[in-house]
Amino acid sequence: MSPMLIVAAEEMENPLVPPIPELVIGLLAFVIVFGFLAWKLLPNINKVLEQRREAIEGGIEKAEAAQTEAQSVLEQYKAQLAEARHEAARLRQEAQEQGAALIAEMRAEGQRQREEIVAAGHTQIEADRKAASAALRQDVGKLATELAGKLVGESLDDHARQSRVIDRFLDELDEKAEAAR
């Protein structure tokens, strides 16, 4: 075999290895394209990444601020709720105390009215008893005078004498009634 064929066969044997001049040209083109992209696109990419990082950090800060504010509002709400519950308990207590005072006042007023009614009833009963006693004395006196007149056989028309006889008769009846008690 000829030396050219051997060289051609060697070159043919490894198709994956490019020729050196193509390799150098490809490498130069790659460096130029990479340099151009680094010079033009890399600042824009870094700028966009920085903006995204700032937006994310700003969002996190905003979220933390919102969470802190929400926690503050929650604590205020809880404090107001506790204060409202305390106020409601105080108002309930006052209402119970006022109710108890009102009930006590009404009982005292009812007791006072009952005592007034009982006292008025006793006064009325005493007045009625005295009136009945006076009327009874008068009727008993008349009957006693008539009976005494019939027994004695003479008229007891003298008023003074009638009064003495009646009083003496009624006093004797009162003494017997008291002795019987």
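For the structure itself, consult the block above.
Here the structure is a predicted model, which is why all the values come from computation and not from measurement.

Conventions used here
- Residues numbered from 1 in each chain as written.
- Predicted model: local features only at pLDDT ≥ 70, side-chain atom pairs only at ≥ 80, totals over all residues.
- Heavy atoms only, no water.
- Salt bridge = Lys/Arg side-chain N within 4 Å of Asp/Glu carboxyl O.
- Helix = DSSP H or I, 4+ residues; strand = E, 2+ residues; numbered from the N terminus.
- Buried < 20%, exposed > 50% of the residue type's maximum accessible area, 1.4 Å probe, protein only.
- Patch = residues over 30% accessible without salt bridge, like charges linked within 9 Å, V, L, I, M, F, W, Y side chains within 5 Å.
- Areas by Shrake-Rupley, 256 points an atom, 1.4 Å probe, with all protein chains shown as cover.
- Phe/Tyr/Trp six-rings, centres within 6.5 Å; stacked < 30°, edge-to-face > 60°.
- Lys NZ or Arg CZ within 6 Å of the ring centre and 35° of its normal.

**A closer look at the pattern of salt bridges**
All chains considered together, the criterion is met by seven salt bridges. E116 serves as the salt-bridge partner of R112, at 2.2 Å between the closest nitrogen and oxygen. Of this pair, R112 and E116 are both found in helix α2 (residues 20-152), four residues apart, which corresponds to roughly one turn of the helix. Classification of R112 by relative accessible area gives partly exposed; the value is 36%. Given a relative accessible area of 44%, E116 falls into the partly exposed group. The closest approach of N and O atoms between R129 and E126, which form a salt bridge, is 2.5 Å. Here E126 and R129 lie together in helix α2, a separation of three residues that amounts to about one turn. Using a relative accessible area of 47% as the deciding quantity, one classes R129 as partly exposed. Residue class for E126 comes out partly exposed when judged on its relative accessible area of 31%. Connected through salt bridges with shared partners, the residues E50, R53 and E57 form a single ionic network.

**A look at a nonpolar patch on the surface**
Judged by side-chain polarity, V33, F36, L37, W39, L41, L42, I45 and L49 come together as a nonpolar surface patch covering roughly 790 Å² of accessible area. Locating F36 in the fold gives a position in helix α2.

**Re the packing of aromatic side chains**
Evaluated as defined, the whole model comprises two aromatic pairs. Relative to W39, the ring of F36 lies with its centre 6.3 Å away and its plane at 55 degrees, an arrangement referred to as tilted. A residue pair is termed a helical-turn pair when its members lie 3 or 4 positions apart in one helix, as F36 and W39 do in helix α2 at three residues. Here K40 stacks its cationic end above the ring of W39, 4.7 Å away from the centre of that ring.

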